[in-house]
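Read off the chains here:
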Amino acid sequence: MALRGKKVIEFAGLAPAPFAGLVLADSGASVIRVDRPSAKTLDVLCRGKRSVAINSKAHSGRELLKRLISSADVLIDPYRPGVMERLGLGPDVFLGSSGLNQRLVYARIVGFPRTSPYGAMAGHDLNYLAMSGILAMLPGSREKPNFPLNLLADFAGGGMHCATKILLALLERNETNQGQVVDVDMVSGTRYVSASPLIHRSNPATGRFALRRGENLLDGGAPFYNLYVCKDGGLMSLACIEPRFFAVFTEKFLQALPAHFVDSDEWLEFSVHDAHANQKSWNRLKQFLTDGFTLRTRSEWSHIFFGTDACCIPVLTPEEASQEFDMPQIGSSKGKTESCLLNPGQHTKEVLVEEFSLTVSEYESLLKDGVISQC
């Protein structure tokens, strides 16, 4: 695997930092999560990682952490600005001409840009999404947008963006033999992964996101790029943006509708075929599709459109998706997230004694003093 032999020290956090560590672990890196003694965790993004529990507030604990970090290739810092520096574990300790590990890639993930007035403030995904400018463009009602769980800021703009920058820093290290600080903030990362809609927004001539929320091609405004409820309450996703795909869809859709519906007084003079290119007809088309989809179940519509270029696909539940396809591994090998928690300190002895060569007496002394813990 691409990162086999690389050592990563990941200080325990939630969402973006452990996701970045997960990407590295899945690529073969040896990832050690540093937990606090007696800590509890809800981090489920721990596949392929090991945990050591070390008290970073104790002098001997900090010295032990320096020892671990000095032999690592990557450090992932999930804390707010200044925390690692106050612990005596900031970048200056390891990088630079007199640093303990001049090849270290020191990755820091924060919420707001460090130069922003918000820089030291607490926040979560929704706050970073709000400040990025992209939340105001997401689908929803005219009064307010909806937000996509905590996917955009935490995982796309935070964890995945950080993992990418770490890989690029490791690549550059091959040329320079020097490590570096990798700074990631989730506001800027969210804007980066949202570059296309933001550029379209700032250039109204493209027409893609020039209108108000809910009136554009990809934000729920277009009836042929939307979700529809079926007879049994299931959902179908429709995304036939191109006219040739819309033609395939309308042919199959109209064939599947009963004659009494298509020929009813309400729809007799309505031309479905012409509505795609005529935005003034979009509301009428949306109502036609909404009414039509309720006449069959999701299973029936899935069968009708299967194998065609109609771009009409059933909306699967997470459980259905995991059974339907050979998906990337999520959670444990049995797919049960409750069984994939990594207990803090689960590998303390294995890592410190076997890998970092602490003597048994050193280990027992640190354990007795509460500097480390095991489970």
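Keep in mind the model is a prediction, meaning the values are calculated, not measured.

Thresholds, definitions, all that
Residues numbered from 1 in each chain as written. Predicted model: local features only at pLDDT ≥ 70, side-chain atom pairs only at ≥ 80, totals over all residues. Heavy atoms only, no water. 1 Å grid on protein atoms, 1.4 Å probe; cavity = no way out; pocket = protein on both sides within 12 Å on 5 of 7 lines; lining within 4 Å. Points joined across faces, edges and corners; volume = space filled by probe spheres on them. Helix = DSSP H or I, 4+ residues; strand = E, 2+ residues; numbered from the N terminus. Nonpolar A, V, L, I, M, F, W, Y, C, P; charged D, E, K, R; others polar. Pairing = 2+ DSSP bridges. Axes fitted to C-alpha atoms, helices over the stretch in contact; angles between N-to-C directions. Contact = heavy atoms within 4.5 Å. Expected span 1.5 Å × (residues − 1). Buried < 20%, exposed > 50% of the residue type's maximum accessible area, 1.4 Å probe, protein only. Arc of directions from axis to C-beta. pLDDT = per-residue confidence, 0-100. Right-handed = clockwise from strand over helix to strand, strands pointing away.

On to the layout of surface pockets, then. Of the pockets and cavities examined, the largest pocket occupies roughly 1,000 Å³. Lining the largest pocket are 40 residues, and of these A12, G13, L14, P78 and Y79 lie nearest its centre. Secondary-structure elements contributing two or more residues to the lining of the largest pocket are α1 (16–26), β2 (30–35), β5 (105–110) and α5 (125–132). With three residues, α5 is the largest single contributor of residues to the lining of the largest pocket. The class makeup of the residues in the lining of the largest pocket is 24 nonpolar, nine polar and seven charged.

Glancing now at the sheet that holds strand β7 (residues 225–229). One open sheet accounts for three strands, arranged β7-β8-β9; its pairing is antiparallel. Of all strands in the sheet, those bounded by a partner on one side alone are β7 and β9 (312–314). Recorded for the sheet is a direction-independent mean angle of 25 degrees between the axes of neighbouring strands. The sheet contact formed by β7 and strand β8 (residues 235–239) spans five bridges and is antiparallel. Across the sheet, N226 pairs through a bridge with L238, a residue of β8. Where helix α12 (residues 282–293) meets the sheet, its contacts fall on β7, β8 and β9, and the angle it forms with β7 comes to roughly 35 degrees.

Another point: helix α9 (residues 243–256). Taking 1.5 Å per residue, 14 residues should reach 20 Å; α9 reaches 20 Å between its end C-alpha atoms and fits that length. Listing the buried residues of α9 in full gives F245, F246, F249, T250, F253 and A256. The arc enclosing the buried residues of α9, seen along the axis, measures out at 135 degrees, which places them on a common side. Across from the buried face of α9, at angles greater than 90 degrees, the exposed residues are P243, R244 and Q255. Structurally, α9 contributes buried residues whose contacts are with β8, α11 (272–275), α12, α13 (298–305) and β9.

The predicted model of the protein chain averages 91 in pLDDT, with 96% of residues at 70 or higher. A low-confidence stretch, residues 332–339 stays under pLDDT 50, and its non-local contacts, those more than four residues away or across chains, total four contacts.

Bringing unusual backbone geometry into the picture now. Of note in the backbone geometry, L149 takes a positive phi value of approximately 50 degrees without being a glycine. Within the element layout of this structure, L149 appears in the loop between α5 and α6 (151–176). Look at L149 and you get exposed, because its relative accessible area is 64%. Although it is not a glycine, S357 sits at a positive phi angle of roughly 60 degrees.

A few words on the pairing of β2. Burial runs high along β2: five of the six residues are buried. Sheet topology note: the strand β1 (residues 7–11)/β2 ladder contains five bridges and is parallel. Bridge assignment links E10 to a residue of β2, and that residue is R33. In this region the chain leaves β1, passes through α1 and returns to the parallel neighbour β2; the handedness of that crossover is right-handed. Across five bridges, the pairing between β2 and strand β3 (residues 49–54) is parallel. What sits directly across from V31, in β3, is K49.

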